[in-house]
Amino acid sequence: EKPGSGADKNANAKALAQNITDADSKGAIVTLSAHWYNPGTGKDFNDTTAVASELLPGGKYSGTFNKELDAIAATAQQAKRSDGTLIPIIFHPLHENNGSWFWWGEKLCTPEEYKALWHMTVDTLQAKGVDNALYAYSPGTEPKDTTEYLKKYPGDELIDVIGFDTYQFDRDAYLAGMDRALS
C-alpha cells in the first residue's frame, strides 16, 4: 500500500524504510502489516479468491508470493538508524485471519495452510537475513474464546508478540468487543 507508488517494489521498500527510520527517530515503536495483493489473481487484498495452498513451496504462485517477501526483507534491511543499527519492527503478516475479508481469512485458508504460510514467511525472511523483525499474531476481535483465537496459531517458536486487531466505529460495540476479547 503506502508509502510507495506503483509496481516498483524496490522504490516502495526504500520509501517505507525511510518512513520507518523517521518514525523511529521520533521514538515510535514501528509496526508493519501486509495487505498483500492476491498473488493468484493480481487483484487487491480484498480479493477473496482462495490461493493459500498455491503459495506454499512448489505451488503455482509461490514465486509471486516470494517476491512480496523480498520486498518486506528489503524494507527491513534498509530500516537503519544513523549509527547503522537495524530498527526493530513488529511485523504482523496475515492478520485478522479469523475474518474472511482477506485471501488468508477464515473461510479461505485452512489452519494447516495458514500455519504453513506463516512458517514459510518467517523462514524466508530469516533466510534473507531479516533479524530485526518481531512477529506478531493478531486475529481480529471476533473469536468467542481462546480455542477459536488460537485455531490458526503458528506456534510459540514463530511468534514474538500476540494481540488482536480491532476498530472503533461504535463506542459501545467497541468496548463490548474489547471486554469480550480480554476476558
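Everything here concerns the structure above.
Note that the coordinates shown come from a computational prediction; the quantities given were computed from them, not determined experimentally.

Criteria and cut-off values
- Residues numbered from 1 in each chain as written.
- Predicted model: local features only at pLDDT ≥ 70, side-chain atom pairs only at ≥ 80, totals over all residues.
- Heavy atoms only, no water.
- Helix = DSSP H or I, 4+ residues; strand = E, 2+ residues; numbered from the N terminus.
- Polar contact = N/O pair within 3.5 Å; in protein donor to acceptor, adjacent residues only side chain to side chain.
- Axes fitted to C-alpha atoms, helices over the stretch in contact; angles between N-to-C directions.
- Parallel < 35°, antiparallel > 145°, perpendicular 65-115°, else oblique.
- Left-handed = near helix turned anticlockwise from the far one by under 90°.
- Contact = heavy atoms within 4.5 Å.
- Nonpolar A, V, L, I, M, F, W, Y, C, P; charged D, E, K, R; others polar.
- 1 Å grid on protein atoms, 1.4 Å probe; cavity = no way out; pocket = protein on both sides within 12 Å on 5 of 7 lines; lining within 4 Å.
- Points joined across faces, edges and corners; volume = space filled by probe spheres on them.
- Salt bridge = Lys/Arg side-chain N within 4 Å of Asp/Glu carboxyl O.

Novice: Run through the environment of Asp-123, naming residues and quoting values.
Specialist: Inspection of the secondary structure assignment puts Asp-123 in helix H4 (residues 111-127). Sequence separation of Asp-123 and Ile-87 is 36 residues, and the distance between their C-alpha atoms is 20 Å. A distance of 2.7 Å separates a polar atom in the side chain of Asp-123 from a polar atom in the side chain of His-119.

Novice: Before we move on, can you summarise the packing of helix H3 (residues 62-78) against H4 with the specific residues and values?
Specialist: Two numbers describe how H3 lies on H4: the axes approach to 10 Å, and their chain directions differ by 50 degrees. Taken together, the axis directions place H3 and H4 in an arrangement best described as oblique. Along this stretch, H3 crosses H4, giving a crossing that reads as right-handed. Seen from H3, the contacting residues are Phe-65, Asn-66, Leu-69, Ile-72 and Ala-73; seen from H4, they are Leu-117, Met-120, Thr-121, Thr-124 and Leu-125. Classifying every residue of the contact of H3 with H4 by side-chain character gives 7 nonpolar, 3 polar and no charged.

Novice: Explain empty space enclosed by the protein residue by residue, including any values.
Specialist: Within the structure shown, the criterion is met by 1 cavity of 30 Å³ or more. Taken as a whole, the largest cavity spans an internal volume of roughly 50 Å³. Leu-32, Ile-72, Thr-75, Ala-76, Ile-89, Phe-91, Val-130 and Ala-133 together form the lining of the largest cavity. Only H3 and strand E2 (89-92) provide two or more residues apiece to the lining of the largest cavity. For the lining of the largest cavity, the leading source of residues is H3, giving 3 residues.

Novice: If you had to explain the environment of Tyr-149 to someone new, which residues and values would you point to?
Specialist: Residue position: Tyr-149 is located in helix H5 (residues 146-149). Sequence spacing of Tyr-149 and Pro-139 is 10 residues, and the spatial spacing of their C-alpha atoms is 7.0 Å. Filtering out sequence-adjacent residues up to four positions away, Tyr-149 remains in contact with Tyr-137, Pro-139, Pro-143, Ile-162, Gly-163 and Phe-164.

Novice: If you had to explain the pattern of salt bridges to someone new, which residues and values would you point to?
Specialist: This model, assessed by the stated rule, comprises 4 salt bridges. Of the charged contacts, one joins Asp-24 and Arg-81 as a salt bridge, the two residues approaching to 2.7 Å between their closest N and O atoms. Here the residue Asp-24 occupies a position in helix H1 (residues 9-25), and Arg-81 occupies one in the loop between H3 and E2, the gap between them amounting to 57 residues. For Lys-128, the salt bridge identified is with Asp-70, shortest N-O distance 2.5 Å. You can see Lys-128 sitting in the loop between H4 and strand E3 (133-137) and its partner Asp-70 sitting in helix H3, a full 58 residues away along the chain.

Novice: Can you explain the layout of surface pockets? Please cite residues and give values.
Specialist: Size it by volume and the second largest pocket reaches roughly 200 Å³. Residue lining of the second largest pocket: 12 residues in total, with Asp-145, Tyr-149, Arg-180, Ala-181 and Ser-183 positioned closest to the centre. Counting only elements with at least two residues in the lining of the second largest pocket, the list comes to H5 and helix H6 (171-182). For the lining of the second largest pocket, the element with the most residues is H6, which contributes 3 residues. Partitioned by chemical class, the residues of the lining of the second largest pocket number 5 nonpolar, 4 polar and 3 charged.

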